[in-house]
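# Descriptive structure summary
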Amino acid sequence: MGCFFSKSRRKSPKKDSALPAGDESATGNDLLESSNGNQEAPKQYSWDKREKVDPKDFMLTGLKNETVGRLPGKLNGQQFVIQDCENCNIYVFDHSATITIDDCVNCRIMLGPVKGSVFFRDCKDIKCVVACQQFRTRDCKKMDVFLCCATQPIIESSTGMKFGCYQYYYPDLAFHFKDAGLSIFNNNWSNIHDFTPVSGETNWSLLPEDSVVLEYMPLPDPESEFKSVRISTEANRSIVPLTKGGRRTESDESCLFVFFAGDYTTANARKLIDETTTKGFVLIQTKEVSMRPEDVNRVFQNNAESLTEWITKGPVVALELNGDGVVEACRSIANEVFNGTKVTIRGSCYLSSLFIEDLH
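The notes below deal with the structure included here. Every value quoted in this text rests on a predicted model; they were computed, and no experiment measured them.

Check the secondary structure of the chain and you find seven helices and 17 strands. Across the 360 residues in the chain, those meeting the buried criterion constitute 44%. When the accessible surface of the chain is split by element, carbon and sulfur atoms take 45% of a total near 19800 Å².

Structure (structure tokens):
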């Protein structure tokens with residue numbers, strides 16, 4: 001954690017394992033009799049007992065005008081490849097290690113949580129919903145991406161790229177986030193790095209704030225194999241909180257609300273989001289992170305000593321909220337709703353940015 005966001009080789013000869021102990025001069029007949037009379041069953045290793053993997057189960061290639069993908073439990077953390085697909089609706093309702101998408105055109109793609117990287121190459125006219133540790137594109141054109149990314153997304157030699165905050169739900173999604181080692185609170189969807197910027201041109205932008213996932217990524221065909229998966233694209237049901245990200249805020253007043261580790265930290269954070277957004281306040285960004293004593297001293301300053309012991313209990317969840325009167329509203333909510341829960345509130349916009357951006 002930073003501060004908080006071939007040539008062949010000759011094999012040496014081996015002794016025959018069937019050679020009787022203490023008699024290295026045994027004849028060929030002796031060996032044959034020993035082998036026939038006392039033949040041992042081959043030793044079983046753990047990898048011999050594993051179910052054989054068919055590479056075709058972990059790729060989609062050369063498809064056109066189809067609704068395809070994988071149901072929960074079909075990938076179980078394996079790598080996955082999508083390539084040479086055209087005008088397809090692709091749904092991956094499982095967690096995976098990495099996913100590469102090559103040479104796809106006019107496709108809608110939903111990817112379950114990916115522990116490592118998602119890499120789009122030479123793709124065009126793509127609409128997708130993606131959750132991953134790393135997101136990259138190279139030589140892509142016209143992509144609309146609803147993204148949850150733990151690190152800074154990178155585009156390279158790509159144009160017409162538009163990004164929005166991840167909004168999706170299916171019953172196993174929370175478990176898949178956990179299996180992939182991703183936090184729903186660590187999302188850098190709007191903090192894009194363009195590896196190949198062009199002077200005077202803009203290769204990426206943010207989708208309209210009122211964008212609806214369903215208008216970009218349709219639900220699976222009712223006759224498809226995915227009809228049994230209960231899906232919601234409504235923002236209030238999304239596993240990942242909907243944040244404003246890098247969009248301009250309407251108020252100069254911000255509030256940093258921090259939950260220290262406990263049994264209901266995630267549920268409490270969600271409750272706070274519901275309480276504050278109902279009152280008209282805006283969630284800017286969120287972060288889940290383990291803190292060091294020096295982080296506590298820098299962020300909480302005068303109150304650091306009383307909070308140091310709490311960081312040993314586990315990661316903190318921090319939420320930055322914005323709106324006129326948000327500080328007083330959060331203090332009121334803390335007293336009324338979270339009485340008995342260890343929280344801290346800061347009203348400095350500077351502190352909020354320092355905490356969210358520097359501790360990652």
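The next thing to look at is the sheet that holds strand S16 (residues 316–322). A sheet is described by the order of its strands in space; here four strands give the open sequence S15-S16-S14-S17, paired in antiparallel fashion. This sheet does not close on itself; its edge strands, each paired only once, are strand S15 (282–289) and strand S17 (343–346). Neighbour to neighbour, the strand axes of the sheet diverge by 15° on average, direction disregarded. Contacts between helix H3 (residues 265–278) and the sheet are confined to strand S14 (254–259), S15 and S16, with S16 contributing the most and set at about 5° to the helix. Together, S14, S16 and S17 form the strand contacts of helix H6 (residues 326–337), whose direction differs from that of S14 by roughly 25°.

This part takes up a negative patch on the surface. A grouping of Asp84, Asp103, Asp122 and Asp139 is seen on the molecular surface, where their side chains present a negatively charged patch. Looking at the secondary structure, you find Asp103 in the loop between strand S5 (99–102) and strand S6 (105–111). On the accessibility criterion, Asp103 (40% relative accessible area) is partly exposed.

For the rest of this paragraph, the subject is the side chain of Asn268. Tracing the sequence through the fold places Asn268 in helix H3. Beyond its immediate sequence surroundings of up to four residues, Asn268 is in contact with Phe259, Phe338 and Thr341.

So, on to H6. The α-helix winds at 3.6 residues per turn, so residues separated by three or four positions along the chain end up facing the same way. With twelve residues, H6 ought to run about 16 Å at 1.5 Å a step, and its terminal C-alpha atoms sit 16 Å apart, in line with that. Turning to H6, the residues buried within the fold contact S14, H3, S16 and S17.

So, about the packing of aromatic side chains. Here a ring pair, both rings aromatic, is described through the centre-centre distance and the interplanar angle of the planes. A full pass over the atoms with the stated rule returns eleven aromatic pairs. Ring geometry for Tyr91 against Phe93: centres 5.9 Å apart, planes inclined by 10°, an arrangement best described as stacked. The class of Tyr91 is buried, set by a relative accessible area of 0%. Connected via pairs of aromatic rings, a cluster forms that spans Tyr91, Phe93, Tyr170 and Phe226. If you follow Arg237 out to its NZ or CZ, it ends over the ring of Tyr169, 4.3 Å from the centre. The residue whose ring lies beneath Lys313 is Trp310, and the NZ or CZ to ring-centre distance is 5.3 Å.

Tallying each qualifying case throughout the model produces six salt bridges. As a salt-bridge pair, Lys127 and Asp144 come within 3.0 Å of each other at their nearest N and O atoms. With a gap of 17 residues between them, Lys127 in strand S8 (residues 124–138) and Asp144 in strand S9 (residues 141–149) connect regions that are remote in the sequence. One salt bridge connects Glu275 with Lys271, and the closest N-O pair in it is separated by 3.3 Å. Of this pair, Glu275 and Lys271 both sit in helix H3, four residues apart, which is roughly one turn of the helix. The exposure class of Glu275 is partly exposed, given its relative accessible area of 22%. In this structure Lys271 comes out as partly exposed when scored by relative accessible area, which is 38%.

Conventions we followed
- Residues numbered from 1 in each chain as written.
- Predicted model: local features only at pLDDT ≥ 70, side-chain atom pairs only at ≥ 80, totals over all residues.
- Heavy atoms only, no water.
- Helix = DSSP H or I, 4+ residues; strand = E, 2+ residues; numbered from the N terminus.
- Buried < 20%, exposed > 50% of the residue type's maximum accessible area, 1.4 Å probe, protein only.
- Areas by Shrake-Rupley, 256 points an atom, 1.4 Å probe, with all protein chains shown as cover.
- Pairing = 2+ DSSP bridges.
- Axes fitted to C-alpha atoms, helices over the stretch in contact; angles between N-to-C directions.
- Contact = heavy atoms within 4.5 Å.
- Patch = residues over 30% accessible without salt bridge, like charges linked within 9 Å, V, L, I, M, F, W, Y side chains within 5 Å.
- Salt bridge = Lys/Arg side-chain N within 4 Å of Asp/Glu carboxyl O.
- Lys, Arg positive; Asp, Glu negative; His and termini not counted.
- Charge placed at Lys NZ, Arg CZ, Asp CG, Glu CD.
- Expected span 1.5 Å × (residues − 1).
- Phe/Tyr/Trp six-rings, centres within 6.5 Å; stacked < 30°, edge-to-face > 60°.
- Lys NZ or Arg CZ within 6 Å of the ring centre and 35° of its normal.

Function cannot be read off these values alone, since they describe shape.
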